[in-house]
Amino acid sequence: MRNVCVLGAGSTRYGKLDDSISDIAAQASADAIQGAGISPKDIEASYIANVFGVADKQVHLGPVLMSTLGIPDRPSLSIESACGSGSIAFREAYANVAGGFYDCVIATGVEKVTHTGTNWTTTYFAYCSDFFYEGQAGASFPGLFASMARAYIEEFKITEEDLAAVAVKNHENGAKNPKAHLRKGITVEDVMSSAVVASPLKLYDCCPFSDGASSVILCTEEFAKSHGKYVRVVGSGRGGSPAALQGRERLTTIPSTKIAAKQAYEMAGITPDKVDFAEVHDCFTIAEVVDTEDLGFFEKGTGARAAADGRTGLNSDIPVNPSGGLKSKGHPIGATGIGQVAEAYDQLTGRAGERSVRGAEVGLTHNFGATGASCAVHLFARP
Amino acid sequence: MTPKERMAECARRGRFLAASCSKCSRTNPCTARFCPSCGSPDSEPVEMEGTGRVATYTIITVPPAGFEEHVPYAFVVMALDGSDLRISGFMAGISAPADLPVGSPARIAGFDERGIILERT
Ligand SMILES: CC(C)(COP(=O)(O)OP(=O)(O)OC[C@H]1O[C@@H](n2cnc3c(N)ncnc32)[C@H](O)[C@@H]1OP(=O)(O)O)[C@@H](O)C(=O)NCCC(=O)NCCS
Ligand SMILES: [Zn+2]
């Protein structure tokens, strides 16, 4: 396999956006191309992550995007893996460059759903569950993670305030991110008094519904060297879990995260303590707690306490979600995994401004689909 | 009938349809077409008592379409008695965590447009 690099990244603001799905995808892609200092003609193939294009009357986004970028003859692949679509498209792009099929490709993720309203979005997102056992029985995504949260609270005797600390920290980071959806500081008290969505999770335990797009350019190291600033992809892992929560051995861990992380760490030849920051899938506060344990930063059962003790803050033991995470930066589901890579690129090339992790050399991204039924973990390093 | 239809038919009678692996004898839900332990396609159907205990649950106040009139309701994951299998489903009439401590006894009580229906016993 060849070394693969990320050469440029672009993102729209995340939030409620007015422009169409193809416009926001084109905006992020154009920013990535220009940021990389390449011509669109350098791009040999594209990987497009999207889940609900149907909501904005545009599926088969790839050719539409390639036409807009002036390269209609380049092949594209659309990838749907629920909320993990972005990182999984990134992985396919990575594998194709590493495997020698292409020297330079683009991976773009996009979602546009907020115009459909709370009920439509809640309903359609539930189709990402194992529908026969979960969505059909009235489970929403907040409800599925709330079920994990209750199991976790029972097993490890933590409090809802401990979970709230995750949201407070992510809002603090997101307030420093000009592209974040929810840019305001909140307190544990704000979380505790927010409306219950699916007990024990409240509004401020949840990520919002967001629109947005993110895009990155992947290429060989040889190609990268003759262009702009780049970072190396040093580890890539994928994993799966039983689609329904009921089929998992434990309700307080996500097997696909562990499988993907093990592969990525082994490929990079490093252990979790060598990671300087991590962008993890915090669709709900409980998810970040479980992720930080499954990724090997904390012992099982201690992640919530660690967050409450401030060990995951911006320049602490292991900065988690310096971007603000899904919770504050927002969660346009097809874009999120690529947005995490864009954040890792910005952090490792000194473009993260106020939210920079000091002296960061190695960054991790972790993104999953549904309740972690599919997952990808990547590791990045400065060259 | 597909495995899901058979699962639903059993649930209407308050029972759970498992499949006992002919090769390694692990018990799986009948919807598994190959045994997750050993990969065997061969199994014998086994009807189990649809009783168990609440493993975890949530009470939903922001519902998906079709569930508006049921709010608040619970989505419950139940551990089945006498096995390491769990089954999840819809439970009506739960409005506060005090209504349903984890570990509460429950049972399969039917199947309709809300999927597998569970109730407290
Ligand atoms: C929690 C939830 C039901 C709220 O619904 P919504 O349609 O986003 O709510 P609205 O747009 O009506 O927002 C109402 C207000 O709450 C704010 N808000 C919405 N979601 C928020 C969140 N998650 N955290 C903090 N504030 C939030 C909005 O900014 C808005 O404030 P404003 O009135 O000052 O503008 C919804 O965001 C949700 O289900 N989130 C989870 C998404 C999900 O499951 N993703 C997949 C995960 S795997
Ligand atoms: Zn078997």
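Keep in mind that this is a model prediction, so the values were computed, not measured.

## Regarding the environment of V54 of chain B
Residue and element names in this part refer to chain B.
So, point 1. In this structure, V54 sits in strand β4 (residues 51–60).
So, point 2. Classification of V54 as buried rests on a relative accessible area of 2%.
So, point 3. In sequence terms V54 and F67 are 13 residues apart; their C-alpha atoms lie 21 Å from each other.
So, point 4. Residue contacts for V54: discarding those within four places in its chain leaves V76, V77, M78, L100, P101, V102, G103, S104 and A106.

## Brief notes about the sheet that holds strand β1 (residues 15–21) of chain B
Residue and element names in this part refer to chain B.
So, point 1. The strand order across the open sheet formed by three strands is β2-β1-β3, and the pairing between neighbours is antiparallel. The sheet is open, and its two borders are formed by β2 (27–29) and β3 (43–49), each paired with just one other strand. When strand polarity is set aside, the average angle formed by the axes of neighbouring strands in this sheet is 40 degrees.
So, point 2. Of the pairings in the sheet, the one linking β1 to β3 comprises seven bridges and is antiparallel in character. Its bridge partner lying in β3, A18 is registered against V46.
So, point 3. Lying over the sheet, helix α1 (residues 3–12) contacts β1, β2 and β3, oriented at roughly 135 degrees with respect to β1.

## A few points about the pairing of strand β6 (residues 86–91) of chain B
Residue and element names in this part refer to chain B.
So, point 1. In terms of burial, β6 is a largely internal element, six of the six residues being buried.
So, point 2. As judged from the six bridges shared by strand β5 (residues 73–80) and β6, these two strands associate in the antiparallel manner. Paired with M78 across the bridge in β6 is I87.
So, point 3. What sits between β5 and β6 in their antiparallel hairpin is a turn of five residues, with G82 showing a positive phi close to 70 degrees.

## Thoughts on empty space enclosed by the protein
So, point 1. Scanning the model with the defined rule gives two cavities of 30 Å³ or more in all.
So, point 2. By volume, the largest cavity amounts to about 70 Å³.
So, point 3. As for the largest cavity, its lining consists of A19, C21, N28, A32, R33, F34, C35, S40, P41, D42 and S43 of chain B.
So, point 4. Estimated volume of the second largest cavity: approximately 50 Å³.
So, point 5. Mapped by element, the contributors of at least two residues to the lining of the second largest cavity are α12 (325–328) and α13 (336–348) of chain A.

## Some points on the coordination of the zinc ion (ligand 2)
Residue and element names in this part refer to chain B.
So, point 1. Protein coordination at the zinc ion (ligand 2): the donors are C21 (SG), C24 (SG), C35 (SG) and C38 (SG), at 2.3 to 2.4 Å from the metal.
So, point 2. One can describe the donor arrangement at the zinc ion (ligand 2) as tetrahedral, given that its four donor atoms subtend angles of 100 to 116 degrees at the metal.
So, point 3. Of note, the zinc ion (ligand 2) draws all its donor residues from one chain, in the sequence arrangement C-x2-C-x10-C-x2-C.

## Some thoughts on the site of ligand 1
Residues and elements named next belong to chain A.
So, point 1. Among the 19 residues in the neighbourhood of ligand 1, the closest are listed as K16, T118, C206, C207 and K327.
So, point 2. In the model, a nitrogen atom of ligand 1 is placed 3.5 Å from a nitrogen or oxygen of the L203 main chain.
So, point 3. Taking K327, its side chain carries an N or O atom lying 3.1 Å from a nitrogen atom of ligand 1.
So, point 4. For ligand 1, whose free accessible area comes to 920 Å², the fraction covered by protein is 70%.

## Quick word on the interface of chain B and chain A
So, point 1. With 32 residues of chain B in contact, the opposing surface of chain A contributes 31 residues.
So, point 2. Contact between chain B and chain A buries roughly 2400 Å² in total, counting both sides, with carbon and sulfur atoms accounting for 57%.
So, point 3. Of all residues in chain B, V62, F75 and R86 of chain B give up the largest surface area on contact with chain A, accounting jointly for 25% of the area buried on that side.
So, point 4. Put simply, chain B and chain A have zero salt bridges between them.

Rules used throughout
Residues numbered from 1 in each chain as written. Chains lettered and ligands numbered in written order. Predicted model: local features only at pLDDT ≥ 70, side-chain atom pairs only at ≥ 80, totals over all residues. Heavy atoms only, no water. Helix = DSSP H or I, 4+ residues; strand = E, 2+ residues; numbered from the N terminus. Buried < 20%, exposed > 50% of the residue type's maximum accessible area, 1.4 Å probe, protein only. Contact = heavy atoms within 4.5 Å. Pairing = 2+ DSSP bridges. Axes fitted to C-alpha atoms, helices over the stretch in contact; angles between N-to-C directions. 1 Å grid on protein atoms, 1.4 Å probe; cavity = no way out; pocket = protein on both sides within 12 Å on 5 of 7 lines; lining within 4 Å. Points joined across faces, edges and corners; volume = space filled by probe spheres on them. Donors = N, O, S within 2.8 Å, 3.2 Å for Na, K, Ca; no water. Tetrahedral: all angles 85-135°; square planar, octahedral: opposite > 155°, others 65-115°. Near = heavy atom within 4 Å. Polar contact = N/O pair within 3.5 Å; in protein donor to acceptor, adjacent residues only side chain to side chain. Areas by Shrake-Rupley, 256 points an atom, 1.4 Å probe, with all protein chains shown as cover. Buried area = accessible area lost by both parts, 1.4 Å probe. Salt bridge = Lys/Arg side-chain N within 4 Å of Asp/Glu carboxyl O.

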